[in-house]
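An overview of the molecular structure
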Amino acid sequence: MRRLALAVAAALVLTACGATAEAPSPQEARTLTLWHYEGPDSAMAKAWAEAIRKFEATHPGVKVKFEEKGFEAMQKTASQVLNSDAAPDLTEYNKGNATAGALAKAGLLTDLSAEAAERGWDKLLTGSLQTTARYDERGIMGSGNWYGVPNYGEFVMVYYNKQLFEKAGLEVPTTFEEFTKAMDAFVAKDQTPLAMAGAEYPAQQVFYQLALSKAQRPWVNAYQLYQGRTDFKGPELTYAAQTMADWVKKGYISKDAAGLKAQDMGDAFMAGKFPMMVSGSWWYGTVQSTVKDFEWGTFLWPGSRMAPGSSGNLWVVPERAKNKELAYDFIDITMSKEIQNLLGNSGGIPVAADTSAITDPKSKELIENFGRLAGQDGLAFYPDWPAPGYYDVLVAGVQELINATKTPQQVLDELAGPYNDNLADVGD
């Protein structure tokens, strides 16, 4: 009876919206097709695996068909696959203007506004956590309809190897000067301080973090939300490009990093080969479950009130999904206290957990640092968000800085072109 009721309800919704597509058959309604790209050891994957079990237990006769996707592949193919019969019912997808915003503008994502209000997601996700969930008609985040639901938070921090720090006689740096002195100390011992990856997102996030260390919130709003103009030859980005190039010359970053991917970077840090790794909280659960041979910790980027960060990636329901009601039910389960608490105790940053239920000390530290950053208005989003295709532009530009194939000023010119072209396209 439940399957019949779901099919009838879906048909009524389609009729009310004037859609011409047929309601899913009972056979189709027996499967929820779900995609995400979190590694199996990550906090999110652990929590969502439990959510799948809970979903199937509360939906007799319905099975979840889970497919693990790659972040890079989804970045490149989402607009094509979500506009086809191969679209899943529910998928994790990157947030921001260039990704979820672009798909929402193209009509490829389901408007979740009514569900957010009815199921109370809008009450659980307040303030800046809503920024990445809502997009206007231009695909710009921060206002308009709900096109995604994040169920965790994330931010970029410094992971460090306590054993290597102690061996070098170093304390955790609390100022930027102490941070650079620590890196100088490692270089003096013929050790590259920072694990890095230039072929994917990590290096561009360090570049952006350097800019943020010289920026204020109005600059971030101008760059990310088009609330003003971004000067690519201004002090923020000029400092970032020049410092990134200098850090390669000083040996803080290996020239080989230009060709490495994020997994290469993470594997090298977890193997104890580098004293530090600058990356996101999405690595936390994996580091926690993988590293057995040394003690490690994290700290916020010294001397900066802001860092790359936001709500986590979004659950989005493709407009062409066959089983939307099932997708909404699954999202609801991931927002439940049970799943949120598991997320928090597995090394993730829940948005709706019972804080007293988070018992793991390292997880508590992670959540407290996120709270500290959010409390000082320090979540500054990510550098590739402003424009579609900008991720690849940034990867190429930062690789050129690492390889020293172009000057900082030449790289800034390359970054400015696509950004300003997109600014003109959205009519700002």
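Please refer to the structure higher up on the page.
Being a predicted model, the structure only gives us computed values, none of them experimental. Starting afresh in each chain, residues are numbered from 1 along the sequence in its written order. Owing to the predicted nature of the model, reporting of local features is limited to residues with pLDDT of at least 70; listing and counting of side-chain atom pairs is limited to 80 or more, with chain, interface and lining totals taken over all residues. Only hydrogens and water are set aside when side-chain values are computed; all heavy atoms of the structure are taken into account.

**Here we look at the overall build of the chain**
What counts as a helix is a DSSP run of H or I of at least four residues, what counts as a strand is a run of E of at least two, and both are numbered from the N terminus. Along its length, the chain carries 18 helices and 13 strands. For the chain, the C-alpha radius of gyration of 22 Å lies close to 22 Å, the compact-globule estimate for 428 residues. Structurally, the chain occupies a C-alpha span of about 70 × 50 × 35 Å along its principal axes. Relative accessibility decides the category of a residue: with a 1.4 Å probe and only protein chains considered, values under 20% of the type maximum give buried, values over 50% give exposed, and everything between is partly exposed. Split into buried and exposed, the 428 residues of the chain put 56% on the buried side. Restricting to contacts in the chain with at least 6 residues of sequence separation, those with at least 24 account for 76%. By the counting rule applied here, Lys and Arg register as positive and Asp and Glu as negative, while His and the ends of each chain are not counted. Where a charge lies is defined by one atom per residue type, namely NZ (Lys), CZ (Arg), CG (Asp) and CD (Glu). In the chain, which carries 39 positive and 52 negative side-chain charges, the distance between the mean positions of the two groups comes to 2 Å. In this treatment the radius of gyration is a C-alpha quantity, and the globule benchmark scales as 2.2 Å times the residue count to the 0.38 power. Any two residues whose heavy atoms approach within 4.5 Å at even a single point are treated as in contact.

**Here we look at the pattern of salt bridges**
Salt bridges are counted wherever a side-chain nitrogen of Lys or Arg sits within 4 Å of a carboxyl oxygen of Asp or Glu. All chains considered together, the criterion is met by 19 salt bridges. The salt bridge partner of Glu 414 is Lys 406, with a shortest N-O separation of 2.1 Å. Glu 414 sits in the partly exposed class, given a relative accessible area of 28%. Classification of Lys 406 by relative accessible area gives partly exposed; the value is 31%. Salt bridges sharing partners connect three or more residues here, namely Glu 115, Arg 119, Glu 325, Asp 329 and Asp 332.

**Looking at helix α10 (residues 217–225)**
Most of α10 sits out of view: eight of its nine residues are buried. Among the residues of α10, those classed as buried are Arg 217, Trp 219, Val 220, Asn 221, Ala 222, Tyr 223, Gln 224 and Leu 225. Where α10 is buried, its residues contact α4 (97–105), α9 (201–212), α11 (235–249), α17 (390–403) and α18 (408–425). Just past α10, the residue Tyr 226 takes up positive phi, approximately 60°.

**A word on the pairing of strand β7 (residues 152–161)**
Regular strands place side chains that alternate from one sheet face to the opposite one. The buried fraction of β7 amounts to 10 of the 10 residues, a majority that puts the element mostly inside the structure. The side-chain alternation of β7 yields two buried faces, one formed by Tyr 152, Glu 154, Val 156, Val 158 and Tyr 160 and the other by Gly 153, Phe 155, Met 157, Tyr 159 and Asn 161. At least two DSSP bridges between two strands are needed for those strands to be called paired. In this structure, β7 lies alongside strand β13 (residues 349–350), joined through two bridges in antiparallel fashion. Paired with Gly 153 across the two strands is Ile 349, which belongs to β13. Pairing between β7 and strand β11 (residues 309–311): three bridges, direction antiparallel. Its bridge partner lying in β11, Gly 153 is registered against Ser 311. Pairing between β7 and strand β9 (residues 276–280): five bridges, direction antiparallel.

**Quick look at the nonpolar core**
Residues belong to one nonpolar core when they are buried, are Ala, Val, Leu, Ile, Met, Phe, Trp, Tyr or Cys, and are joined through side-chain atoms within 4.5 Å. By size, the foremost hydrophobic cluster in this structure holds 143 residues, and its most contacted members are Phe 207, Trp 247 and Trp 283. Looking at this core element by element, the count peaks at eight residues for α9. Filtering out sequence-adjacent residues up to four positions away, Phe 207 remains in contact with Leu 237, Ala 240, Ala 241, Met 244, Leu 394, Val 398, Leu 401, Leu 412 and Leu 415.

**Some points on the packing of aromatic side chains**
Any two of the Phe, Tyr and Trp rings considered here, Trp counted by its six-membered ring, make a pair once their centres fall within 6.5 Å; the pair's planes then place it as stacked at under 30 degrees, edge-to-face at over 60, or tilted in between. Evaluation of the coordinates by the stated rule reveals 35 aromatic pairs. Summarising the aromatic geometry, the rings of Trp 219 and Tyr 223 are spaced 5.4 Å apart at their centres and angled 5° between planes, so their arrangement reads as stacked. Taken together, the positions of Trp 219 and Tyr 223, both in helix α10 and four residues apart, correspond to about one turn of that helix. Here Tyr 223 falls in the buried class, since its relative accessible area comes to 3%. Through pairs of rings, three or more aromatic residues link up here, namely Tyr 160, Phe 165, Phe 176, Phe 179, Phe 186, Trp 247, Tyr 252, Phe 299 and Trp 301. Put simply, a charge is over a ring when the Lys NZ or the Arg CZ is close to the ring centre, within 6 Å, and near the line of the ring normal, within 35 degrees. Of note, Lys 69 hangs over the ring of Trp 35, and the distance from its end group to the ring centre comes to 4.2 Å.

**Comments concerning the side chain of Thr 110**
Tracing the chain through its elements places Thr 110 in the loop between α4 and α5 (113–119). Residue classification places Thr 110 among the buried residues on the basis of a relative accessible area of 5%. Pairs of N or O atoms are called polar contacts if they sit within 3.5 Å, as long as, within protein, a hydrogen donor faces a hydrogen acceptor (for residues adjacent in sequence, only side-chain-to-side-chain pairs). A polar contact of 3.1 Å, which involves the side chain of Thr 110, links it to the backbone oxygen of Pro 318. A distance of 3.2 Å separates a polar atom in the side chain of Thr 110 from a polar atom in the side chain of Lys 324. With near-sequence residues (within four places) excluded, Thr 110 lies in contact with Trp 146, Tyr 147, Val 317, Pro 318, Glu 319, Lys 324 and Tyr 328.

**Details of the environment of Met 270**
Mapped onto the fold, Met 270 is located in helix α12 (residues 262–270). Look at Met 270 and you get buried, because its relative accessible area is 11%. On a C-alpha basis, the gap between Met 270 and Gln 376 in space is 30 Å, while along the polypeptide they are 106 residues apart. With residues up to four places along the chain from it excluded, the contact list for Met 270 reads Trp 283, Thr 286, Val 287, Thr 290, Val 291 and Phe 294.

**Details of helix α15 (residues 337–345)**
Taken residue by residue, α15 has Ile 339, Gln 340, Asn 341, Leu 343 and Gly 344 as its buried positions. Those residues of α15 that are buried are in contact with α2 (43–58), β7, α14 (324–334), β13 and α16 (361–375). Phi turns positive one or two residues past the end of α15, at Gly 347, with a value near 100°.

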